[in-house]
Amino acid sequence: IPLNEQRLAITLGDVAGKGMPAALLMAKLSAETRSCLLTVRQLTSAIAKLNDNLYPSTSPMDRFVTLIAVVLDATTHTATIVNAGHPSPLVFRVGEGKFIAAIPAEDDGQSLGMDLGNKYQSYDVQLDPGDFVLVYSDGVTDAQSIAGKPFRAKGIHAILEQGTAVTPRSFGERLVDAVQRHAIGGPQY
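Residue numbering note: each chain is counted from 1, following its sequence as written. In keeping with the model being predicted, local features are shown solely for residues with a pLDDT of at least 70 and side-chain atom pairs are shown and tallied solely at 80 or more, while totals for entire chains, interfaces and linings include all residues. Only hydrogens and water are removed before side-chain values are computed, so all heavy atoms of the structure are retained for them.

(A) Region of the structure containing the pattern of salt bridges. Salt-bridge detection follows one rule: a side-chain nitrogen of Lys or Arg within 4 Å of a carboxyl oxygen of Asp or Glu. What the rule picks out here adds up to five salt bridges. Residue Glu96 pairs with Lys98 through a salt bridge whose shortest N-O separation is 4.0 Å. The partly exposed category is assigned to Lys98, whose relative accessible area is 42%. Residues Arg181 and Asp177 are paired through a salt bridge, measuring 2.9 Å at the closest nitrogen-oxygen approach. One end of the pair, Arg181, and the other, Asp177, are both in helix α5 (residues 168–183), four residues apart, so they sit about a helical turn from each other. Accessible area is worked out with a 1.4 Å probe on protein chains only. A residue is then buried under 20% of its type maximum, exposed over 50%, and partly exposed in between. The secondary structure listing takes helices from DSSP runs of H or I that are at least 4 residues long and strands from runs of E that are at least 2 residues long, numbered from the N terminus.

Spelled out as structure tokens, the structure:
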């Protein structure tokens, strides 16, 4: 979602449940996310407003949404991150050649739509040239092999051991390929 002042918001969400009710909630999430991010400048306040807007559509149905929101600022070279119950993003540090946690492990945030008035914490990450933020869903880490073994975060880190240059595009392509190879022949999980 393009924002003002050379900022770009990127979100990744996951609705609990399947079928038409989950699809309708995802459509509502998409529209509400855009509205909140375009009308509320502070990311924590925008996500809190999104939570409250979703609450009437989630709480009566025992549904919830996990979401990661990242605002990239091209002028300050920072990524501001808010977690609402989603797997924590990783930051690839090109100078170190490894991923680090983008936010503290103990802050997994409150999923959206579970309670009114949730407060969220934001984290600013300075990005040097070549650094990038990896945002993913549990569909990556929970992908099962034919033997029932999950891909896990170890699978993400193992891609770095391949020794090739790491760019956001190349890493994303290698990650998708690795998850597909890991899950080949296994049941969809």
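(B) How the structure looks around the packing of aromatic side chains. Pairs were defined over the aromatic rings of Phe, Tyr and Trp, the Trp ring being its six-membered one, requiring ring centres within 6.5 Å. Orientation was assigned from the angle between planes: stacked under 30 degrees, edge-to-face over 60, tilted for the rest. For the structure on display, the rule yields five aromatic pairs. An angle of 70° between the planes, with centres 5.4 Å apart, marks the rings of Phe92 and Phe99 as edge-to-face. Pair check on accessibility: Phe92 and Phe99 agree, each one buried. A ring pair is formed by Phe99 and Phe171, whose centres lie 5.0 Å apart and whose planes are at 65°; its orientation type is edge-to-face. One end of the pair, Phe99, is in strand β6 (residues 98–101); the other, Phe171, is in helix α5, and 72 residues separate them in sequence. Each member of the pair, Phe99 together with Phe171, is buried. Through a chain of ring-to-ring contacts, three or more aromatic side chains come together here, namely Phe92, Phe99, Phe132 and Phe171.

(C) Seen up close, the sheet that holds β6. At least two DSSP bridges between two strands are required for those strands to pair. As summarised here, the arrangement of the three strands in space is β6-β5-β8, forming an open sheet in which the pairing is antiparallel. Pairing within the sheet leaves two strands with one partner each, and these edge strands are β6 and β8 (132–134). Within this sheet the neighbouring strands show an average axis-to-axis angle of 35°, counted without direction. Here three bridges tie strand β5 (residues 90–93) to β8, and the two strands are oriented antiparallel to one another. Its bridge partner lying in β8, Leu90 is registered against Leu134. Contact criterion: two residues are considered in contact whenever any of their non-hydrogen atoms come within 4.5 Å of each other. For helices, the axis comes from a line fit to the C-alpha atoms of the stretch in contact; other axes are also lines fit to C-alpha atoms, and the angle between any two N-to-C directions lies between 0 and 180 degrees. Contacts from helix α4 (residues 152–160) reach β5, β6 and β8, with the element oriented near 145° to β6.

(D) Up close: the environment of Val15. Counting through the fold element by element, Val15 comes out in strand β2 (residues 7–15). For the pair Val15 and Gln144, spaced 129 residues apart in sequence, the C-alpha to C-alpha distance is 20 Å. With sequence-adjacent residues up to four places away left out, Val15 is seen in contact with Ala22, Leu25, Met26, Phe64 and Val65.

(E) Local environment of the environment of Pro168. Relative to the elements of secondary structure, Pro168 occurs in helix α5. Sequence-wise, Pro168 and Phe92 are 76 residues apart; in three dimensions their C-alpha atoms are separated by 8.9 Å.

(F) Here's a closer look at the sheet that holds β2. As summarised here, the arrangement of the five strands in space is β1-β2-β3-β4-β7, forming an open sheet in which the pairing is antiparallel. Every interior strand has two partners, whereas the edge strands, β1 (2–3) and β7 (122–126), have only one. Relative to strand β4 (residues 78–84), strand β3 (residues 65–73) is paired through six bridges, and the arrangement is antiparallel. In the sheet register, Ile68 faces β4, and the bridge partner there is Asn83. Taken strand by strand, helix α1 (residues 19–39) contacts β1, β2 and β3, and its axis lies near 155° from that of β2.

(G) Representation of α4 in the model. For α4, the full list of buried residues reads Gly155, Ile156, Ile159 and Leu160. Seen along its axis, α4 keeps its buried residues to an arc of 165°; they face one direction. Buried residues belonging to α4 abut β5, β6, β8, α3 (138–141) and α5. Taken from the helix axis, the directions to the C-beta atoms give the arc we talk about.

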